[in-house]
Amino acid sequence: MTSEITPTAWILAYGATFIIGLSKAGIKGIAVLNVTFMALAFGAKESTGMVVPLLILADIFAVIYYNRYTQWNYVFKVLPWMVLGLLIGVFIGKDLPEKFFKIGMSIIIIITVFMMYWWDRKKTKSVPTHWAFASSIGTVAGITTMVGNLAGAFSNIYFLAMRLPKNHFIGTAAWLFLIINIMKLPFHFFVWETISFQSLSLNLMLLPGILFGFFAGVRFIKVIKEAFFRKMILVLTAVGAILIMLS
């Protein structure tokens, strides 16, 4: 398998794993780039399964580093809805037109980002408490994480709306996605058949990219301020949505 991979594909794959490391270290909103790079390197559907073990490895690093900041009440609020969305995604993922999915998701993300920006401008400290907020965000995040590993934009919006401080945001998201990504494994193995022992061996070869990206991201996160962190996440999430639409 590795002998058939072109130099360009290797460069794209290592670029994708570096971005995964950055994203899991806390630079949220850029994960769409790793999805795009891996799709260019290995194909759209094949890459969805190939990315999942890499995400789990990066999630483990994030959980180890940020575990003390995890806010489990927010994990438990959104996790059941993400599981529901994941199961929906398993069954619609094979037949859902990719272009329709990308455009619809991008529009939803951009609208929600503008809503979050307006919310921040109000300077209010209130957070959404109605169950419909967590259920709608969680279900859509579950569908998109299964279909395209693209749930990050929706989880960003959820945790920003909860007004979690920077490290609490990262630590809580780390545990949430570690659980969800592990749950995705059997579906990729036995239903979609997008993970194989060959792809897992390739994942191990790409591990250094995750390590470099994670430690670079940790150093960057340490020096940015809370207010800038919120603005950065909103901007990167919006840019990511536009890239999804155009890809």
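The rules behind these values
- Residues numbered from 1 in each chain as written.
- Predicted model: local features only at pLDDT ≥ 70, side-chain atom pairs only at ≥ 80, totals over all residues.
- Heavy atoms only, no water.
- UniProt positions renumbered as here; feature names shortened; annotations may be inferred.
- Helix = DSSP H or I, 4+ residues; strand = E, 2+ residues; numbered from the N terminus.
- Contact = heavy atoms within 4.5 Å.
- Areas by Shrake-Rupley, 256 points an atom, 1.4 Å probe, with all protein chains shown as cover.
- Buried < 20%, exposed > 50% of the residue type's maximum accessible area, 1.4 Å probe, protein only.
- Arc of directions from axis to C-beta.
- Patch = residues over 30% accessible without salt bridge, like charges linked within 9 Å, V, L, I, M, F, W, Y side chains within 5 Å.
- Salt bridge = Lys/Arg side-chain N within 4 Å of Asp/Glu carboxyl O.
- Core = buried A, V, L, I, M, F, W, Y, C linked by side-chain atoms within 4.5 Å.
- Expected span 1.5 Å × (residues − 1).
- Phe/Tyr/Trp six-rings, centres within 6.5 Å; stacked < 30°, edge-to-face > 60°.

Taking an unreviewed UniProt entry as the reference, the protein chain is identified by name as Probable membrane transporter protein belonging to Maribacter sedimenticola. In the Subcellular location (unreviewed entry) part of its UniProt record, the protein chain is described as follows: "Cell membrane".

From N to C terminus, the protein chain includes 11 helices and 0 strands. Helices (α) and strands (β) of the protein chain occur, in sequence order from the N terminus, as α-α-α-α-α-α-α-α-α-α-α. If you take every contact in the protein chain between residues at least 6 apart in sequence, the share linking residues at least 24 apart comes to 86%. When the accessible area of the protein chain is evaluated, it comes to approximately 11700 Å², of which 73% is carbon and sulfur surface.

The UniProt record annotates "transmembrane region" (unreviewed entry) at residues 12-37, 49-68, 74-93, 100-119, 131-161, 173-192, 204-221 and 228-246. Helix and strand shares over residues 12-37 are 81% and 0% respectively, and the end C-alpha atoms of the span are 5 Å apart.

All of the buried residues in helix α9 (residues 197-205) are Ser199, Leu202 and Asn203. Down the axis of α9, the buried set is contained in an arc of 105°. They therefore lie on one face. Facing away from the buried side of α9, by more than 90 degrees, are the exposed residues Phe197 and Leu204.

A grouping of Trp81, Leu84, Ile88, Phe91, Ile92 and Trp131 is seen on the molecular surface, where their side chains present a nonpolar patch of about 620 Å² in accessible area. Broken down by element, the nonpolar patch gets its largest block of residues, 5 residues, from helix α4 (residues 72-92). Here Phe91 lies in helix α4. Assessed through its relative accessible area of 67%, Phe91 is described here as exposed.

Note on pairing: side chains with opposite charge can pair once their charged atoms come close. Counting across every chain of the model gives 1 salt bridge. Lys24 is the salt-bridge partner of Asp59, the closest N and O atoms lying 2.8 Å from each other. Of the two residues, Asp59 is situated in helix α3 (residues 44-66) and Lys24 in helix α1 (residues 7-25); the sequence distance between them amounts to 35 residues. Given the relative accessible area of 11%, Lys24 is considered buried.

Judged by nonpolar contacts, the single largest core of 51 residues is most densely connected at Tyr158, Phe159, Phe169 and Phe229. Those elements that provide at least two residues to this core are α1, α3, α4, α6 (131-148), α7 (152-161), α8 (166-191), α10 (207-223) and α11 (226-246). With 8 residues, α8 is the single largest residue contributor to this core. Ranked by size, the runner-up nonpolar core spans 18 residues in total, among them Leu12, Ala16, Ile20 and Leu55.

Quick look at α6 now. Along its 18 residues, α6 runs 26 Å from first to last C-alpha, staying within 8% of the 26 Å computed at 1.5 Å per residue. In terms of burial, α6 is largely enclosed, as 14 of its 18 residues are buried. Within two residues after α6, Asn149 carries a phi angle of roughly 55°, on the positive side.

We now examine the packing of aromatic side chains. Given two aromatic rings, one states the distance between the centres and the angle between the planes to describe the pair. Counted according to the given criterion, the structure contains 14 aromatic pairs. Among the aromatic residues, ring-to-ring pairing joins Phe61, Tyr65, Tyr66, Tyr69, Phe214 and Phe215 into one connected group.

In this fold, Leu55 is placed in helix α3. On a C-alpha basis, the gap between Leu55 and Ile210 in space is 9.0 Å, while along the polypeptide they are 155 residues apart. Once residues lying within four places of it in the same chain are set aside, the contact partners of Leu55 are Ile20, Lys24, Asn149 and Asn181.

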